[in-house]
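The chain contents come next:
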Amino acid sequence: MADREFDYESTLEACARGEERAFQTLYRQEAGQLLGLAISMLGRRDIAEDCLHDAFVRIWQHAARYRRELGSGRAWVHSILRYRVLNALRSGNRHAEVDDDFIERVLDDSPQAEAQALEQSEQRLLRRCLQRLERPRRHPILLAFYRGLTHEQIASRLSTPLGTIKGRIRAGLRALQECLQA
């Protein structure tokens, strides 16, 4: 589970001011969980690592776009990775490498840091929360977030009206958010 005391919003605002230490702290806080999520969505560690790398480059470059009044910093960070993963799923290709010496300087990729990050129990919490959702809400969420299907594709696949699918996804995401914050 994420450290409930970690201040994602202030950390992102510090990143927007160019504070490399804040970025490094954010990376250490989230990289393990995000990598696990990307691996589970893509099924390949090498592509997941590329997506994670691209997501953190994007977070650094676009931190000034984050607005705390629009939502949590953690959700913003996760959405950036999610879009990178969905793009990889849709294209079937790896992302082009980004030239960024910066990210290599600030990341601590020692075996101890990676092991510590990967030991986070966030992924187990997410699975537990997903299992609590009833199937009509859980299934469309999994198809959207883990398979990259659009709402229209999900509606067609499940032979369910589009509005119903959208409502189930919205309600399911609200329930997941409540579960994850509990």
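Refer to the structure printed above.
Quick caveat: nothing in here was measured; it's all calculated off a predicted structure. (Residues numbered from 1 in each chain as written. Predicted model: local features only at pLDDT ≥ 70, side-chain atom pairs only at ≥ 80, totals over all residues. Heavy atoms only, no water.)

**Q** An account of the overall build of the chain is needed here, citing residue identities and associated values.
**A** Along the chain, the regular secondary structure elements total 10 helices and 0 strands. Element order for the chain, N to C, with α for helix and β for strand: α-α-α-α-α-α-α-α-α-α. Within the chain, the proportion of its 182 residues that are buried is 43%. Expressed as a percentage of contacts within the chain between residues at least 6 apart in sequence, the contacts between residues at least 24 apart total 70%. Accessible surface, the chain as shown: approximately 10,500 Å² in total, 46% of it carbon and sulfur. (Helix = DSSP H or I, 4+ residues; strand = E, 2+ residues; numbered from the N terminus. Buried < 20%, exposed > 50% of the residue type's maximum accessible area, 1.4 Å probe, protein only. Contact = heavy atoms within 4.5 Å. Areas by Shrake-Rupley, 256 points an atom, 1.4 Å probe, with all protein chains shown as cover.)

**Q** How would you sum up the state of the cysteines? Please name residues and give values.
**A** In total, this model carries 1 disulfide according to the counting rule given. Covalently, Cys-129 is tied to Cys-179 through a disulfide, its sulfur atoms 1.9 Å apart. Between Cys-129 and Cys-179 the disulfide shows an S-S torsion of about -80 degrees. By sign, it is left-handed. Of this pair, Cys-129 sits in helix 7 (residues 122–132) while Cys-179 is found in helix 10 (residues 162–181), placing the two residues 50 residues apart along the sequence. Taken individually, Cys-129 and Cys-179 each receive the classification buried, so the pair is uniform in this respect. (Disulfide = S-S within 2.5 Å.)

**Q** Explain unusual backbone geometry to me, and be specific about the residues and the numbers.
**A** Of note in this structure, Ser-159 is not a glycine but carries a positive phi near 50 degrees. You can see Ser-159 is positioned in the loop between helix 9 (151–158) and helix 10. Since its relative accessible area comes to 68%, Ser-159 is described here as exposed.

**Q** Can you break down the packing of aromatic side chains residue by residue, with the values?
**A** In this structure the tally under the stated criterion is 5 aromatic pairs. Pairing Phe-6 with Tyr-8 gives two aromatic rings, centres 4.6 Å apart and planes at 70 degrees, and the pair type is edge-to-face. On the accessibility criterion, Phe-6 (15% relative accessible area) is buried. Just above the ring of Tyr-83 sits the side chain of Arg-82; from NZ or CZ to the centre is 5.2 Å. (Phe/Tyr/Trp six-rings, centres within 6.5 Å; stacked < 30°, edge-to-face > 60°. Lys NZ or Arg CZ within 6 Å of the ring centre and 35° of its normal.)

**Q** Go over the packing of helix 9 against helix 10 with me, naming the residues and quoting the values.
**A** For the pair helix 9 and helix 10, the least separation of the axes is 9 Å and the interaxial angle reads 110 degrees. One finds that helix 9 runs roughly perpendicular with respect to helix 10. For helix 9 against helix 10, the interelement crossing comes out right-handed. Where helix 9 approaches helix 10, its residues His-151, Glu-152, Ile-154, Ala-155 and Leu-158 are matched on the opposing element by Leu-162, Ile-165, Lys-166 and Ile-169. Among the residues making up the contact of helix 9 with helix 10, the classes are represented as 6 nonpolar, 1 polar and 2 charged. (Axes fitted to C-alpha atoms, helices over the stretch in contact; angles between N-to-C directions. Parallel < 35°, antiparallel > 145°, perpendicular 65-115°, else oblique. Left-handed = near helix turned anticlockwise from the far one by under 90°. Nonpolar A, V, L, I, M, F, W, Y, C, P; charged D, E, K, R; others polar.)

**Q** So what's going on with the pattern of salt bridges? Which residues, and what values?
**A** A side chain with one charge may pair with a side chain of the opposite charge, provided their charged atoms come close. Counted under the stated rule, the structure contains 7 salt bridges. Arg-44 is the partner of Asp-46 in a salt bridge, and the nearest nitrogen-oxygen pair spans 2.6 Å. Exposure remark for Asp-46: the relative accessible area of 25% places this residue in the partly exposed category. The exposure class of Arg-44 is partly exposed, given its relative accessible area of 41%. (Salt bridge = Lys/Arg side-chain N within 4 Å of Asp/Glu carboxyl O.)

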